[in-house]
Amino acid sequence: VPVAEDASVGTVVAVLSVSDRDSGANGRVRCWVWPASPFGLEATFSGSYSLVLREALDRERVSEYEVEVRAEDGGAPALRASRGLRVPVSDVNDN
């Protein structure tokens, strides 16, 4: 679903679930968005994250974002996974 270019900072774009069945440090998961973009992750409750808008969008500058959510556990060596997301930006101020 496209995100309107006039969406407010803090708008939830997607809800993600991340899990690791290990215990202890191996079961702790750290998540982040890559590359740097106007989106960020906020933990909502155990294993769930919201992809939220961190800054204003301008469709004339960028019409679509390709972001990757990366996760890694606390093991040594750490196990990693990622999932790509396409976030289109809809135009709201053209005539």
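Residues numbered from 1 in each chain as written. Predicted model: local features only at pLDDT ≥ 70, side-chain atom pairs only at ≥ 80, totals over all residues. Heavy atoms only, no water.

Student: Can you walk me through the overall build of the protein in this structure?
Tutor: The helix and strand inventory of the protein stands at zero helices and seven strands. Listed N to C, the secondary structure of the protein is β-β-β-β-β-β-β in terms of helices and strands. The principal-axis extent of the C-alpha atoms belonging to the protein is close to 55 × 20 × 20 Å. Looking at the protein as a whole, 31% of its 95 residues are labelled buried. Counting contacts in the protein only where the partners sit at least 6 residues apart, residues at least 24 apart contribute 61% of the total. Where the 10 positive side-chain charges of the protein centre and where its 15 negative ones centre are 9 Å apart. (Helix = DSSP H or I, 4+ residues; strand = E, 2+ residues; numbered from the N terminus. Buried < 20%, exposed > 50% of the residue type's maximum accessible area, 1.4 Å probe, protein only. Contact = heavy atoms within 4.5 Å. Lys, Arg positive; Asp, Glu negative; His and termini not counted. Charge placed at Lys NZ, Arg CZ, Asp CG, Glu CD.)

Student: Hey, could you run me through the nonpolar core in this one?
Tutor: Proteins that are soluble and globular tend to have nonpolar side chains buried together. Membership of the largest hydrophobic core comes to 19 residues, with the highest contact counts inside it found for Phe39, Leu41, Leu57, Tyr65 and Val67. Secondary-structure elements contributing two or more residues to this core are strand 3 (29–34), strand 4 (39–45), strand 5 (48–53), strand 6 (64–73) and strand 7 (80–90). The element best represented in this core is strand 6, accounting for four residues. For leucine 57, the contacting residues outside a window of four places in its chain are Val3, Ala4, Glu5, Pro38, Phe39, Tyr65 and Val89. (Core = buried A, V, L, I, M, F, W, Y, C linked by side-chain atoms within 4.5 Å.)

Student: Hey, could you run me through the packing of aromatic side chains in this one?
Tutor: By convention here, two paired aromatic rings are described through the distance between centres and the angle between planes. Under the criterion given, the structure shown has one aromatic pair. A ring pair is formed by phenylalanine 39 and tyrosine 65, whose centres lie 5.4 Å apart and whose planes are at 85°; its orientation type is edge-to-face. Of this pair, phenylalanine 39 sits in strand 4 while tyrosine 65 sits in strand 6, placing them 26 residues apart in sequence. Take phenylalanine 39 and tyrosine 65: they sit in the same class, and that class is buried. (Phe/Tyr/Trp six-rings, centres within 6.5 Å; stacked < 30°, edge-to-face > 60°.)

Student: How do you make sense of the sheet that holds strand 2 (residues 12–17) when you look at a structure like this?
Tutor: Whether parallel or antiparallel, the strands of a sheet pair through hydrogen bonds between backbone atoms. Pairing is antiparallel across the open sheet formed by three strands, whose spatial order is 2-5-4. The open sheet has two edge strands, strand 2 and strand 4, and neither has a second partner. Averaged over all adjacent pairs, the angle separating strand axes in this sheet is 25°, with direction ignored. Sheet topology places strand 4 next to strand 5; six bridges connect them, and they run antiparallel. Within strand 5, the position partnered with phenylalanine 39 by the bridge is leucine 53. (Pairing = 2+ DSSP bridges. Axes fitted to C-alpha atoms, helices over the stretch in contact; angles between N-to-C directions.)

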